[in-house]
Amino acid sequence: MAKESELVTKLTKKHYTISAAESCTGGLLAAAIVNVSGASHVFERSYVTYADAAKEELVYVRGDTLSRFGAVSSQTAEEMALGCAKAAGADVGLSTTGIAGPEGGTPDKPVGLVYIACAVRGNVTTERHIFGGDRFSVRSQAVEAALDLAIHCLENKE
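Residues numbered from 1 in each chain as written. Predicted model: local features only at pLDDT ≥ 70, side-chain atom pairs only at ≥ 80, totals over all residues. Heavy atoms only, no water.

Undergrad: Just checking my understanding: could you explain the pairing of strand S5 (residues 123–130) for this structure?
TA: Successive residues of a regular strand alternate their side chains across the two faces of the sheet. In the sheet, strand S4 (residues 113–120) pairs with S5 via eight bridges, with the strands oriented antiparallel. Pairing of Cys118 across the sheet is with Thr125, part of S5. The loop that links S4 with its antiparallel partner S5 comprises two residues; one of these, Arg121, has a positive phi angle of about 45°. (Pairing = 2+ DSSP bridges. Helix = DSSP H or I, 4+ residues; strand = E, 2+ residues; numbered from the N terminus.)

Undergrad: Explanation requested: the nonpolar core in the structure shown.
TA: Note that soluble globular proteins tend to have their nonpolar side chains buried in a common cluster. By size, the foremost hydrophobic cluster in this structure holds 34 residues, and its most contacted members are Leu7, Leu11, Leu29, Ile33, Val92 and Cys118. For this core, the secondary structure elements donating two or more residues are helix H1 (3–14), strand S1 (18–22), helix H2 (28–34), strand S3 (92–98), S4 and helix H6 (135–155). The leading source of residues in this core is H6, at 11 residues. Residues in contact with Leu11, not counting those within four places in the same chain, are Tyr16, Ile18, Val42, Val92 and Leu154. Of all hydrophobic cores here, the second largest spans 10 residues; its members include Val59, Val61, Ala88 and Ala90. (Core = buried A, V, L, I, M, F, W, Y, C linked by side-chain atoms within 4.5 Å. Buried < 20%, exposed > 50% of the residue type's maximum accessible area, 1.4 Å probe, protein only. Contact = heavy atoms within 4.5 Å.)

Undergrad: What exactly am I supposed to notice about the pattern of salt bridges here?
TA: Two side chains with opposite charge may pair up if their charged atoms get near one another. Applying the stated rule across the entire model yields six salt bridges. Among the ionic pairs, Asp148 bridges to Lys3, the shortest N-O distance being 3.1 Å. In this pair, Asp148 sits in helix H6 while Lys3 sits in helix H1, placing the two residues 145 residues apart along the sequence. Notably, a salt bridge pairs Glu79 with Arg62, separated by 3.3 Å at the nearest N-O pair. Separated by 17 residues along the polypeptide, Glu79 in helix H5 (residues 74–88) and Arg62 in the loop between helix H3 (52–59) and helix H4 (63–69) bring together distant segments of the chain. Using a relative accessible area of 13% as the deciding quantity, one classes Glu79 as buried. Members of the salt-bridge network, linked through shared partners, are Lys3, Glu144 and Asp148. (Salt bridge = Lys/Arg side-chain N within 4 Å of Asp/Glu carboxyl O.)

Undergrad: Can you walk me through H6 in this structure?
TA: Residues spaced three or four apart along an α-helix face the same direction, because each turn holds 3.6 residues. With 21 residues, H6 should reach 30 Å at 1.5 Å per residue; the first-to-last C-alpha distance of 31 Å fits that figure. All of the buried residues along H6 are Val138, Arg139, Ala142, Val143, Ala145, Ala146, Leu147, Leu149, Ala150, Ile151, Cys153 and Leu154. Of the surrounding elements, those touching the buried residues of H6 are H1, H2, S3, S4 and S5. (Expected span 1.5 Å × (residues − 1).)

Undergrad: Teacher, can you tell me more about the packing of H3 against H5 here?
TA: Each pair of packed helices gets described by two things: the angle between the helix axes and the distance between those axes. Where H3 meets H5, the closest approach of the two axes is 9 Å, and the angle between their N-to-C directions is 40°. The orientation of H3 with respect to H5, classified from their angle, is oblique. Along the contact surface, H3 presents Lys55, Leu58 and Val59, while H5 presents Thr76, Glu79, Met80, Gly83, Cys84 and Ala87. (Axes fitted to C-alpha atoms, helices over the stretch in contact; angles between N-to-C directions. Parallel < 35°, antiparallel > 145°, perpendicular 65-115°, else oblique.)

Undergrad: What is the right way to read the sheet that holds S3 from this model?
TA: The pairing of strands in a sheet comes from backbone hydrogen bonds and takes either a parallel or an antiparallel form. Taking strand neighbours across the sheet as the criterion, the five strands line up as S2-S1-S3-S4-S5 in an open arrangement whose pairing is mixed. The two strands at the open ends of the sheet, each matched to only one other strand, are strand S2 (43–48) and S5. On average, each strand axis in the sheet is tilted by 10° relative to the strand beside it, whichever way the strands run. Note: S1 against S3, five bridges, orientation parallel. Directly across from Ser19, in S3, lies its bridge partner Gly93. Lying over the sheet, H6 contacts S3, S4 and S5, oriented at roughly 25° with respect to S4.

Undergrad: Would you mind showing me how to read H5 here?
TA: Between its terminal C-alpha atoms H5 stretches 21 Å, which fits the 21 Å expected from 15 residues at 1.5 Å a residue. Residues Thr76, Ala77, Glu79, Met80, Ala81, Gly83, Cys84, Ala85 and Ala88 constitute the buried set of H5.

Below is the structure:
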């Protein structure tokens, strides 16, 4: 079973809803979820919060968090996951923020760095990944990792 199908099945069984806040994946995560028949029963809405202002306005990331840690940080990913769940009234919030490349990397935050967070009813798990490949590959790997994280977090709530 594809990861997105497994996620939708788990959400359906729990009667949970999910929302996503995406930066570097730019809607690919939402697209993966809605590719599954029955997703309409569990998928609330998605936020593509590419700009910092969108992160603040739509999913409640604090300006202080962005200025202190940057958009690509575990702190921002966590606030995005909590914020999108709150904004959508969903049980689960899933977020991605990173540097897909090929430009934009620094020694501290290299190209391929992606933070992914999953909030299940307020309990947040955050992961740090460094993916290889071109821009599309980094984004695709981030989606796969986000689906894995959400499945894992839901299994830990059983």
